[in-house]
Amino acid sequence: MNVNKDLQNERNKCSFNVRELTEFIDGGKNRTLERKHIEKLILAQKDELFGGTPEDYLSHKEKYERAIQTNVIILKIVQDFMRDANGGDLTNYRDVLTTLLNFVVSREGTPFALHFMMFLPVFLSQADEEQQMEWLPRAWNCNIIGSYAQTELGHGTFIRGLETTATYDAATKEFVLHSPTVTSYKWWPGALGHTANYCVVVAQLHTKGQCHGIHSFIVQVRDEETHMPLAGIRVGEIGAKMGLNMINNGFIGFNHVRIPRRHLLMKHAQVLEDGTYVKSRNSKLNYGAMVFVRVVIVFDSVNYLSKAVTIATRFAAVRRQSQLKANEPECQIIDFLTQQHKLFIGIATCHALKMTATKLWDTFNEVQQQLRGGNLERLPELHALACCLKAVSTADTAALAEGGRRACGGHGYMRSSGLPQTCAVLDAACTFEGDNTVLLLQTARFLVKVWRGLDTLKLTPTVAYLRTTLTEGFNDKWENTVEGIIKGFQTVSMRKISECVSCMAKRIMSGMSQEEAWNMTSVQLVAAAESHCRVIIISYFHEEFVKVSSSFSPALRRVMKLLVELYTLYWALDKLQDLLKYTSISRTDTEQLQERYEDTLNALRPDAVGLVDAFDIMDEILQSTLGAYDGRVYERLMEEALKSPLNAEPVNRSFHQYLKPLMQGKL
């Protein structure tokens, strides 16, 4: 391989073993070997998967058809591998899903995502044992493809306001699904446009003249043989979007569609044959699927950010522009501290969020085990944690990917760079599966409840610091260490939550209702929830590094420690206003933090390319002229430009039809 000289020099001076870090990122040597094996299987079908007209020059319809073709190939490879690796067992849907998402060929997403992200998890969390036995085997094997329809044209996050109805008819033992208005049409479900033939539909359950709120129903949407929509169902695709167009988002409406009684998912609540409603012992038991999908979103956001920083960092090593000193050659733009400031925090964030998401996944499994034993104690904490982590991680990765795109200058605006599509995906993640502001307010509601019960409640692990910080009092002695900064963030979070509660109390005393006081304090509440989440991410990143660092070689331990310090220092400086307001940090301390941050950037500079190489994203998946492993940036830009259909002929017919008459005054 002919590699750009500057890029090769960067690799030559890397201080650590890149493969060691790759294996840590993957979750172990065996995981890396498994991924490499799947890559080999994918590359064996390279022509089918990556050949033909570039995606950017296909029509919307052609893009979808290619997405189905390529994703079926990828899915088959992943499923066959997982079956072989797990003795025929395909039920580890998280592994199947994350592997599938890692190998999405289209930069516009995969129409199979929601099948694994929502359809299967909802069945596992809401269907009873008999329903799971009936439906799950077919769903695991993709004999049926499912979607999840909750959001409507007129309602998103306020799910209690959903208009779709499911009315039980005791005479026929059926539910009648109906969309009474245009605003009640389901809107946005992935794969629903033309891919899925089944769907979990969230609707208001009515029986014996009473509404019992939203419940989930399994509904067949299309005929299994012909794929035609069933009678009474109006279904289609919602049209082109800013990005993720191959998710195949759809709409669906129901005109008095009848489904069997047993198509209500009945793990927690039931409707008996005579129409009697049996209430769930706890409505929050349905949180499981949403927690799962939000964990996956964090992992997927890291996946996309790792692509963005790989592209931007390699480009920064290849691109030479301006001079650091007079009479010297143009330098690599990665030598500019401003460039390091834009890019290195993205690398650190990938590691911080991945470690945090892994910890959240472990917590999710722990709480699931407790739920099976009837212990619901940590369920609200888990929900609050998943909400804020989804919100903060998607906002951060979107901002950092966009920063990386801008750091590439005009070339980053080229679709062939892969950055515009990556940024569009991360922007979308800020709103799908829960608007970030609403999610932070849900976390804030949990924090307010905890604060009000601080003297009497048994605190769960992620909020235990609130009592400790309050008991120890104001953070009088500031320490310019990672541990000291974490304590400072804990103080900020505690003080913000306290102020929110006090502010609401004053407003209620002045005559406001609880709801009005909450709304008037909502900006502060969002900020408090974000501060709490910063505590969680920085703490987990530091704690998990300490746990695993002994297994690293000294060289890798040094670099990973620098990433932890960089991440902590970056956010301390970014949130300096909060630290100055709520802690005893001094001006001298802030100057030292700034100096340490700049020194840390400089210390990471020689290992920057090695750090992104460790993400080990093959060129066929990265699909970037700026970020390919060989660094042939300018050659690849020209090669891609020549693929434009406009370059197939030297003169376009529009010249003779329109331009020439204009130029010659003959219009």
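Source: prediction; values computed, not measured. Sequence positions are assigned chain by chain, starting from 1 and proceeding in written order. Only residues with pLDDT of at least 70 get local features here, since the model is predicted, and only at 80 or more are side-chain atom pairs given and counted; chain-wide, interface and lining totals rely on the full set of residues. With hydrogens and water excluded, all non-hydrogen atoms of the structure serve as input to the side-chain values.

## Concerning the packing of aromatic side chains
Next up, step 1: Under the pairing criterion, centres of Phe, Tyr and Trp rings, with the six-membered ring standing for Trp, must be within 6.5 Å; the plane angle then separates stacked pairs below 30 degrees from edge-to-face pairs above 60, leaving the rest tilted. Summed over the entire model, instances satisfying the criterion amount to 13 aromatic pairs.
Next up, step 2: When the ring of Phe-119 is compared with that of Phe-123, the centres are 5.4 Å apart and the planes differ by 65°; the resulting orientation is edge-to-face. You can see Phe-119 and its partner Phe-123 sitting in helix H7 (residues 113–126), four residues apart, about one turn around the helix. In terms of burial, Phe-119 and Phe-123 fall into one category: buried.
Next up, step 3: An angle of 55° between the planes, with centres 6.2 Å apart, marks the rings of Tyr-570 and Tyr-597 as tilted. In this text, helices come from DSSP runs of H or I with a minimum length of four residues, and strands from runs of E with a minimum of two, each type numbered from the N-terminal end. Relative accessibility thresholds used throughout: buried, under 20% of the residue-type maximum; exposed, over 50%; partly exposed, between the two (1.4 Å probe, protein chains only).

## So, the pattern of salt bridges
Next up, step 1: Any carboxyl oxygen of Asp or Glu within 4 Å of a side-chain nitrogen of Lys or Arg constitutes a salt bridge here. Across all of its chains, the model carries 39 salt bridges by this definition.
Next up, step 2: Put simply, Asp-128 and Arg-262 hold a salt bridge, and the shortest N to O gap is 2.9 Å. On the criterion of sequence distance, the pair formed by Asp-128 in the loop between H7 and helix H8 (129–140) and Arg-262 in the loop between strand S9 (257–260) and strand S10 (270–271) is long-range, its members being 134 residues apart.
Next up, step 3: Look at Asp-128 and you get buried, because its relative accessible area is 17%.

## Let's talk about helix H2 (residues 18–26)
Next up, step 1: Along H2, the positions that sit buried rather than exposed are Leu-21, Thr-22, Glu-23 and Ile-25.
Next up, step 2: Here a polar contact means two N or O atoms within 3.5 Å. Within protein one must be a hydrogen donor candidate and the other an acceptor candidate, and residues neighboring in sequence count only if both atoms are side-chain atoms. Two to three positions downstream of the cap, the backbone nitrogen of Arg-19 sits 2.9 Å from a side-chain oxygen, assigning the N-cap of H2 to Asn-17.
Next up, step 3: A positive backbone phi angle near 100° is found at Gly-27, which sits one or two residues after H2.

## Thoughts on the sheet that holds strand S4 (residues 186–187)
Next up, step 1: Overall, antiparallel pairing links the three strands, which are arranged S4-S8-S7 in an open sheet. Strand pairing shows two members of the sheet lacking a second neighbour, S4 and strand S7 (233–237), which therefore form its edges.
Next up, step 2: Pairing between two strands requires that DSSP report at least two bridges joining them. Pairing of S7 with strand S8 (residues 250–254) involves five bridges; the strand directions are antiparallel. The partner of Gly-236 across the bridge, within S8, is Phe-251.

## Some words on empty space enclosed by the protein
One water molecule sets the probe size; rolling that probe over the atoms shows where empty space is left.
Next up, step 1: Buriedness for pockets is judged along seven lines, at least five of which must meet protein on both sides within 12 Å for an open set on the 1 Å grid over protein atoms alone, while cavities are sets there where a 1.4 Å probe fits but cannot get out, and lining residues have an atom within 4 Å of a point. Grid points are joined across faces, edges and corners, and a volume is the space filled by probe spheres set on the points. Counted according to the given criterion, the structure contains one cavity of 30 Å³ or more.
Next up, step 2: For the largest cavity, the lining is made up of 14 residues, of which Arg-107, Tyr-304, Lys-307, Thr-422 and Ile-621 are closest to its centre.
Next up, step 3: Elements with a contribution of two residues or more to the lining of the largest cavity: helix H9 (287–318), helix H12 (419–429) and helix H22 (619–622).
Next up, step 4: Split into classes, the residues belonging to the lining of the largest cavity amount to seven nonpolar, five polar and two charged. Each residue is assigned to one of three groups, with Ala, Val, Leu, Ile, Met, Phe, Trp, Tyr, Cys and Pro labelled nonpolar, Asp, Glu, Lys and Arg labelled charged, and all others, Gly among them, labelled polar.

## Here we look at the environment of Leu-33
Next up, step 1: Structurally, the position occupied by Leu-33 is in helix H3 (residues 29–43).
Next up, step 2: Under the relative-accessibility criterion, Leu-33 is labelled partly exposed at 43%.

## Topic: the UniProt feature "active site" (unreviewed entry) in the chain
Next up, step 1: Under the UniProt annotation, the feature "active site" (unreviewed entry) is placed at Glu-433.
Next up, step 2: Relative to the elements of secondary structure, Glu-433 occurs in the loop between H12 and helix H13 (436–452).
Next up, step 3: Of the residues examined, Glu-433 reaches a relative accessible area of 22% and is grouped as partly exposed.
Next up, step 4: Should any heavy atoms of two residues lie within 4.5 Å, those residues are considered in contact. Beyond its immediate sequence surroundings of up to four residues, Glu-433 is in contact with Leu-114, Met-118, Met-290, Val-293, Arg-294, Ile-297, Lys-390 and Leu-439. UniProt positions are given in the numbering used here, feature names are shortened, and annotations may be inferred rather than shown by experiment.

## A few points about the layout of surface pockets
Next up, step 1: Its boundaries defined by the atoms lining it, the second largest pocket holds a volume of some 1,300 Å³.
Next up, step 2: By residue number, the principal contributor to the lining of the second largest pocket is helix H10 (residues 337–372), which donates eight residues.
Next up, step 3: Class assignment of the residues belonging to the lining of the second largest pocket gives a composition of 19 nonpolar, nine polar and 14 charged.
Next up, step 4: These domain boundaries are the output of an automatic or database domain assignment. Of the domains in this structure, domain 1 (52–280) and domain 2 (437–615) are the two that each give at least three residues to the lining of the second largest pocket.

## A look at the pairing of strand S3 (residues 174–178)
Put simply, side chains in a regular strand alternate between the two faces of the sheet.
Next up, step 1: Counting buried positions along S3 gives four out of five residues, so the element sits mostly inside the fold.
Next up, step 2: In terms of strand pairing, strand S2 (residues 165–169) meets S3 through five bridges, oriented antiparallel. Directly across from Asp-169, in S3, lies its bridge partner Glu-174.
Next up, step 3: Remark: four residues form the turn of the hairpin made by S2 and S3, two consecutive strands paired antiparallel; Lys-173 in that turn has positive phi of roughly 55°.
Next up, step 4: One ladder, built from four bridges, connects S3 with S9; its direction is antiparallel. Along S9, the bridge assignment pairs Leu-177 with Val-257.

## Thoughts on unusual backbone geometry
Next up, step 1: With a phi close to 100°, Trp-188 is a non-glycine residue in the positive phi region.
Next up, step 2: Along the polypeptide, Trp-188 turns up in the loop between S4 and strand S5 (198–207).
Next up, step 3: Residue class for Trp-188 comes out partly exposed when judged on its relative accessible area of 44%.
Next up, step 4: Positioned with a positive phi, Ala-191 is a non-glycine residue whose angle comes to about 75°.
Next up, step 5: In this structure, Ala-191 sits in the loop between S4 and S5.

## Topic: the environment of Leu-382
Next up, step 1: Examined against the element boundaries, Leu-382 turns out to sit in helix H11 (residues 379–407).
Next up, step 2: Leu-382 sits in the buried class, given a relative accessible area of 2%.
Next up, step 3: Sequence-wise, Leu-382 and Thr-363 are 19 residues apart; in three dimensions their C-alpha atoms are separated by 7.5 Å.
Next up, step 4: Leave out the neighbours within four places in its chain, and Leu-382 touches Val-291, Leu-360, Thr-363, Phe-364 and Val-367.

## Some remarks on the packing of helix H18 (residues 554–574) against helix H20 (residues 587–604)
Next up, step 1: Contact geometry for H18 and H20: axes closest at 9 Å, N-to-C directions at 140°. Regarding H18 and H20, the two cross each other, and that crossing is left-handed. Together, Arg-558, Val-559, Leu-562, Leu-563, Glu-565, Leu-566, Leu-569, Tyr-570, Ala-572 and Leu-573 of H18 and Thr-590, Leu-593, Gln-594, Arg-596, Tyr-597, Thr-600, Leu-601, Ala-603 and Leu-604 of H20 make up the contact between the two elements.
Next up, step 2: Along the lines of polarity and charge, the residues of the contact of H18 with H20 split into 13 nonpolar, three polar and three charged. To define axes, lines are fitted to C-alpha atoms, for helices over the stretch in contact only, and angles between the resulting N-to-C directions are given on a 0 to 180 degree scale. Each crossing gets its hand from how the near helix is turned against the far one by less than a right angle, where anticlockwise is left-handed and clockwise is right-handed.

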